[in-house]
Amino acid sequence: MDAHAERLLETLNENGYEAFVVGGCVRDALLGLAPKDWDITTNATPDAVSACFSSYPQLTQGLRHGTVTVLYRHMPYEITTYRTESGYTDHRHPDEVSFTKSLREDLSRRDFTINAMAYHPKLGLRDYFGGLEDLSRGIIRCVGQAQARFEEDALRILRALRFACRYRFTLAPDCAQGVLALRVLLPQLSPERIFSELTEILTADDGKILLQFAPVFAKALRLENTQGSPDFAKYVRAAAQVPEMADRLVLLLWSVPREDLARHLQALRCPRRILQLVVNRREAAQLPFSNADWPLWLIQWGEECLAHALRIAGALQSWDPGCRRTYETQLRQAVRSCPCTNLSQLRVNGRDLRELGIGPSAGLGNLLQELLLTAARGRVKNEREPLLELARKLWQEKAAE
Ligand code: ATP
Ligand code: MG
């Protein structure tokens, strides 16, 4: 275990308090993974914790929940007093937090058995709810009654799916039932929170969780009318076949009319960068690939977008693998043979054209685009002289019109 965390436990022990590392770090260490952070739980009150570490910088914004963050050798360690929670009126935050002397009580408020273990280097593992066995069997199980735990805090619904995806675990039967039954509480969570959980789930899932819990995704993505429709089932099956998160979003949101897609993603609080990818790929996935114009499309969409569009269209339309490979080969060949796909690669620019007496007008931009496309198609060399000559010719033709 982490030497700094061990040192912090010792300090608390020397001052007469119990202390354990707890939660995610215990779970990850038992799995042989490197924990992201080491959280500590203790029977010392926040004031006592603060006093034990008075010579170290501390952050106190978690104090209301009993958490003191100690900066130890430049690393933050969250030290939280044993506590219980009660009364979750908003299905997210406890109305009341109270401190307790019992480690067992503290562990019983935690969400899943695999997250409810504590460890001390001398005292060993504290595992009151069968976390170790669930960990070794790959099971996500609620501490206590699943329905009740999801009703208390609806975020646990998405956390269950997130841990299942991350570790390739399965949900215990009552946990799976609870997740499906209480998905109706999801709209009570903040959209930011939902989206960030979804991001991790859609990135890590091998497809199984999407298929098993499709109605949860419909709810989380605010697809009220499509829940249970045969079309949505088809989009989910397609989404399960593509590995990338943005591609999955394109497919899961296929029932949203294209003109509403950007607004829908905004309402989900999708970050701008991902929103742009999803909107572009949705459009590109509807291109007529059997009648492709690769040079034009490379200019309009770019190689990466087209590669994803092929995956999306292939999954949605169940192309046979040979068909997809053919298009992918065509795309690669087009990329290789295309001398330029954007204006910065074109060997003439606006200034060159103005020197020829062209523009300044809207016509100049169009002319540059036309030169770019002609060069991309290989019908003129991407070199200064031939391009200028073509520009002159096209401009004269325009003038004569
Ligand atoms: P991660 O690796 O994603 O950080 P984690 O298990 O460490 O996973 P945190 O959100 O950092 O998750 O929470 C730390 C611990 O606090 C959890 O292991 C769990 O014991 C408890 N916990 C966190 N969120 C909840 C919740 N919504 N309900 C109950 N217990 C929770
Ligand atoms: Mg954590």
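Just so it is clear, the model here is predicted, and its values are computed rather than measured.

### Quick look at the nonpolar core
Here is step 1 of the chain: Counting 125 residues, the largest nonpolar core has Ile140, Phe150, Leu171 and Phe289 as its most contacted members.
Here is step 2 of the chain: The element contributing the most residues to this core is helix H7 (residues 155-167), with nine residues.
Here is step 3 of the chain: Two domains each provide a minimum of three residues to this core, namely domain 1 (1-137) and domain 2 (343-400).
Here is step 4 of the chain: Here Phe150 is in contact with Phe112, Cys142, Arg156, Ile157, Ala160, Cys175, Gly178, Val179, Leu182 and Leu185, once residues within four sequence places are set aside.
Here is step 5 of the chain: Counting residues in hydrophobic clusters, the runner-up holds six residues, among them Val22, Tyr82, Leu103 and Ala118.

### So, the domain arrangement of the chain
Here is step 1 of the chain: Split by domain assignment, the chain resolves into domain 1 (1-137) and domain 2 (343-400).
Here is step 2 of the chain: Summarising the inter-unit geometry, the C-alpha centres of domain 1 and domain 2 are found 67 Å apart.

### As for unusual backbone geometry
For residues besides glycine, phi is generally negative; the peptide bonds are generally trans as well.
Here is step 1 of the chain: At Arg269, a residue that is not glycine, the phi angle is positive and equals roughly 65°.
Here is step 2 of the chain: Here Arg269 lies in the loop between helix H14 (261-267) and helix H15 (272-284).
Here is step 3 of the chain: Given the relative accessible area of 43%, Arg269 is considered partly exposed.
Here is step 4 of the chain: Look at Ser318: it is not a glycine, yet its phi comes out positive at around 45°.
Here is step 5 of the chain: Tracing the chain through its elements places Ser318 in the loop between helix H17 (303-316) and helix H18 (321-337).

### Description of the site of ligand 1
Here is step 1 of the chain: Near ligand 1 you find 15 residues, and of these Arg27, Asp153, Arg156, Arg162 and Arg166 are the closest.
Here is step 2 of the chain: A distance of 3.1 Å separates an oxygen atom of ligand 1 from a polar side-chain atom of Arg110.
Here is step 3 of the chain: Between ligand 1 and Arg162 there is a distance of 2.8 Å, counted from an oxygen atom to a side-chain nitrogen or oxygen.
Here is step 4 of the chain: When isolated, ligand 1 has an accessible area of 590 Å², and the protein chains bury 80% of it.
Here is step 5 of the chain: Contributing elements (two or more residues each) for the shell around ligand 1: helix H2 (24-30) and H7.
Here is step 6 of the chain: In terms of residue count, H7 provides more of the shell around ligand 1 than any other element does, five residues in total.
Here is step 7 of the chain: Looking at side-chain class alone, the shell around ligand 1 contains one nonpolar, three polar and 11 charged residues.

### Quick notes on the pairing of strand S5 (residues 75-81)
Here is step 1 of the chain: Where strand S2 (residues 39-42) lies against S5, three bridges are found, and the strand directions are parallel. In the strand pairing of S5, Ile40 is matched with Ile79.
Here is step 2 of the chain: Here strand S4 (residues 67-72) runs beside S5; their pairing, made up of six bridges, is antiparallel. Opposite Thr69, over in S5, you have Glu78 as the bridge partner.
Here is step 3 of the chain: Between the end of S4 and the start of S5, which pair antiparallel, lie two residues, with Arg73 showing a positive phi angle near 50°.

### Details of helix H8 (residues 173-181)
Here is step 1 of the chain: Among all positions in H8, only Cys175, Ala176, Gly178 and Val179 are buried. Taken end-on, H8 shows its buried residues confined to a sector of 160°, consistent with a single buried face. Away from its buried face, by an angle of more than 90 degrees, H8 presents the exposed residues Pro173 and Gln177.
Here is step 2 of the chain: Turning to H8, the residues buried within the fold contact strand S10 (139-140), helix H6 (146-152), H7, strand S11 (170-171), helix H10 (208-212) and helix H11 (214-220).

So, how was this worked out
Residues numbered from 1 in each chain as written. Chains lettered and ligands numbered in written order. Predicted model: local features only at pLDDT ≥ 70, side-chain atom pairs only at ≥ 80, totals over all residues. Heavy atoms only, no water. Core = buried A, V, L, I, M, F, W, Y, C linked by side-chain atoms within 4.5 Å. Buried < 20%, exposed > 50% of the residue type's maximum accessible area, 1.4 Å probe, protein only. Helix = DSSP H or I, 4+ residues; strand = E, 2+ residues; numbered from the N terminus. Domains from an automatic or database assignment. Contact = heavy atoms within 4.5 Å. Near = heavy atom within 4 Å. Polar contact = N/O pair within 3.5 Å; in protein donor to acceptor, adjacent residues only side chain to side chain. Areas by Shrake-Rupley, 256 points an atom, 1.4 Å probe, with all protein chains shown as cover. Nonpolar A, V, L, I, M, F, W, Y, C, P; charged D, E, K, R; others polar. Pairing = 2+ DSSP bridges. Arc of directions from axis to C-beta.

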